[in-house]
Amino acid sequence: VRFFSAQVEVSDELELIPTFAVALSGCDLRCNFCITGGPSWNAWEGEVFDARRMAARACQVLDRSARTIMVLGGEPTIHLPAALELVVALPDSARLIWKTNAHGSAQARELLDGLFDVWLVDFKFGNDDCAARLAKVPDYLHVVKENLLWADAHSELMVRHLLMPGHVDCCWRPVAEWLAVNLPGIKVNLRPGFWPAWHAARHAELCRTVSHNESRRALEIARTNQLHLIP
Amino acid sequence: VNEQRNHQPPKRIAVVQSAASPAHGQRGHQAPSGVRRLETGDETEGDSALPHSELLILPDGRILVHNLTPAFADLLHHLNPDEEQITARARPFAHHAAHVASHELPD
């Protein structure tokens, strides 16, 4: 198991920052627009992960400059034993965040039950066609929705959606509508700061940032569905 | 927009806030195409010990940031104190920095 970043960051949800974010290399998805595409697609990038050493680093910053610890990737679920070792080595009082694409198995989530205070879920695609085309992942919606409902029942859930250019109606709208019906009141962070990273150029619509008009329409969709948006 | 015509992603800049070795790209985090690292000094630990943020500066003046560290949020806040999103993220840092300075840092 390797990791490619471990530092205090303030770019996540306001109520979670500053957070000590530990990013494990490797991911089960192949999002062409991944902003950490190199180490996310290649689990051999980064440095060897030592759970006890990382926990010691986390404890140091918890005392000084961070109020939460976030485990992410890539996708941390593919490194479940290492993530669990890290949790064991952390103090019980630490507020822990599991940042995931929610495409893990039922067995994986059962092993995670009760370990993390917050599940921060990237709900990336609003339909299986976009998921298959942009991330080469089959059966996306079914798996993610199941995990979202489970996470809401077992922890504090926050949902994040990275607004993609050209995907307001096919991805954001169905995501917003599903959340409104199935997870009303859940905290949602709509992020318009897409940038064309990694292999985004393989898809014509992803070769630009989100336009002002798209951001405005996305916010309208959120308001129409009475979503609980958080910064 | 240029990138819409040729399907090339815009350039971005990775800012390394502390020491880095010239060889760091071979050992761990590999800078993506289009990223220019700003390096200073010698590296004594692995790349993970180097705080880093990435910026994408757009032609219309927008700045997108990835892996925003407290120090970099503070810097951006000073450059543009009216930017609400950055201000909100710089404030916790300012609070912590003040706390650290007054109670935990050696004289």
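Refer to the preceding data block for the structure.
Rules and cut-offs
Residues numbered from 1 in each chain as written. Chains lettered and ligands numbered in written order. Predicted model: local features only at pLDDT ≥ 70, side-chain atom pairs only at ≥ 80, totals over all residues. Heavy atoms only, no water. Helix = DSSP H or I, 4+ residues; strand = E, 2+ residues; numbered from the N terminus. Buried < 20%, exposed > 50% of the residue type's maximum accessible area, 1.4 Å probe, protein only. Contact = heavy atoms within 4.5 Å. Pairing = 2+ DSSP bridges. Polar contact = N/O pair within 3.5 Å; in protein donor to acceptor, adjacent residues only side chain to side chain. Salt bridge = Lys/Arg side-chain N within 4 Å of Asp/Glu carboxyl O. Disulfide = S-S within 2.5 Å. Phe/Tyr/Trp six-rings, centres within 6.5 Å; stacked < 30°, edge-to-face > 60°.

Moving on, we come to the overall build of chain B. Secondary structure assignment for chain B yields four helices and four strands. Along chain B, helices (α) and strands (β) appear in the sequence α-β-α-β-β-β-α-α when read from the amino end. Each of the 107 residues in chain B was classed as buried or not, and the buried ones make up 36%. Put simply, of all contacts in chain B between residues at least 6 apart along the chain, 29% involve residues at least 24 apart.

Turning to the sheet that holds strand β8 (residues 187-191) of chain A, a few remarks are in order. All names here are of chain A. Reading across from one edge, β3-β1-β2-β4-β5-β6-β7-β8-β9 is the order of the nine strands in this open sheet, with mixed pairing throughout. Each having just a single partner strand, β3 (47-48) and β9 (228-229) make up the two edges of the open sheet. Where strand β1 (residues 2-9) lies against strand β2 (residues 19-24), six bridges are found, and the strand directions are antiparallel. For serine 5, the partnering residue across the bridge sits in β2 and is alanine 23.

Now for the side chain of threonine 19 of chain A. Residue and element names in this part refer to chain A. Within the fold, threonine 19 resides in strand β2. Classification of threonine 19 by relative accessible area gives buried; the value is 0%. Separated by 3.5 Å, the side chain of threonine 19 and the backbone nitrogen of methionine 70 make a polar contact. Setting aside chain neighbours within four positions, we find threonine 19 in contact with Gln7, Val8, Glu9, Asp12, Ala66, Thr68, Ile69, Met70 and Ile97.

This part is about the environment of cysteine 170 of chain A. Residue and element names in this part refer to chain A. Examined against the element boundaries, cysteine 170 turns out to sit in helix α7 (residues 168-182). Through-space distance from the C-alpha of cysteine 170 to that of glycine 104 is 23 Å; in sequence the pair is 66 residues apart. If near-sequence neighbours (up to four positions away) are discounted, cysteine 170 is found in contact with Gly126, Asn127 and Cys130.

The next subject is the pattern of salt bridges. Residues and elements named next belong to chain A. Summed over all chains, the structure comprises 14 salt bridges over all chains. For lysine 99, the salt bridge identified is with aspartate 122, shortest N-O distance 2.9 Å. Pair noted here: lysine 99 is in strand β5 (residues 96-100) and aspartate 122 is in strand β6 (residues 118-122), with a separation of 23 residues, a long-range link. Note on lysine 99: relative accessible area 14%, which makes it buried.

To continue, consider the state of the cysteines. Covalent bonding between the sulfur atoms of two cysteines defines a disulfide. All names here are of chain A. Applying the stated criterion to the full structure yields zero disulfides over all chains. Cysteine cysteine 27 is unpaired, with the sulfur of cysteine 31 as its nearest cysteine sulfur at 6.3 Å. Taking relative accessible area as the criterion, cysteine 27 reaches 17% and is therefore assigned buried. Cysteine cysteine 31 shares no disulfide, and the gap to the nearest cysteine sulfur, in cysteine 34, comes to 6.3 Å. Note on cysteine 31: relative accessible area 5%, which makes it buried.

Turning our eyes to something else, we now look at unusual backbone geometry. All names here are of chain A. Cis geometry is adopted by the peptide bond preceding proline 18, which originates at isoleucine 17 and carries an omega value of -5°. Position of proline 18 relative to the elements: it lies in the loop between β1 and β2. Residue glycine 73 is joined to glycine 74 through a cis peptide bond whose omega torsion reads 10°.

Time to look at the packing of aromatic side chains. Residue and element names in this part refer to chain A. Overall, the coordinates contain eight aromatic pairs over all chains when judged by the stated rule. An angle of 75° between the planes, with centres 6.2 Å apart, marks the rings of phenylalanine 3 and phenylalanine 49 as edge-to-face. Of the two residues, phenylalanine 3 is situated in strand β1 and phenylalanine 49 in the loop between β3 and α2 (51-64); the sequence distance between them amounts to 46 residues. Of the two residues, phenylalanine 3 and phenylalanine 49, both sit in the buried class. Plain terms: the ring middles of tryptophan 98 and phenylalanine 116 are 4.8 Å apart, the flat faces sit at 45° to each other, and that makes the pair tilted. One end of the pair, tryptophan 98, is in strand β5; the other, phenylalanine 116, is in the loop between α4 (106-112) and β6, with 18 residues separating them in the sequence. A residue is classified by how much of its surface remains accessible, and tryptophan 98, at 0% relative accessible area, is buried. Given a relative accessible area of 5%, phenylalanine 116 falls into the buried group. In this structure an aromatic cluster arises from ring pairing among Phe33, Phe125, Tyr140 and Phe194.

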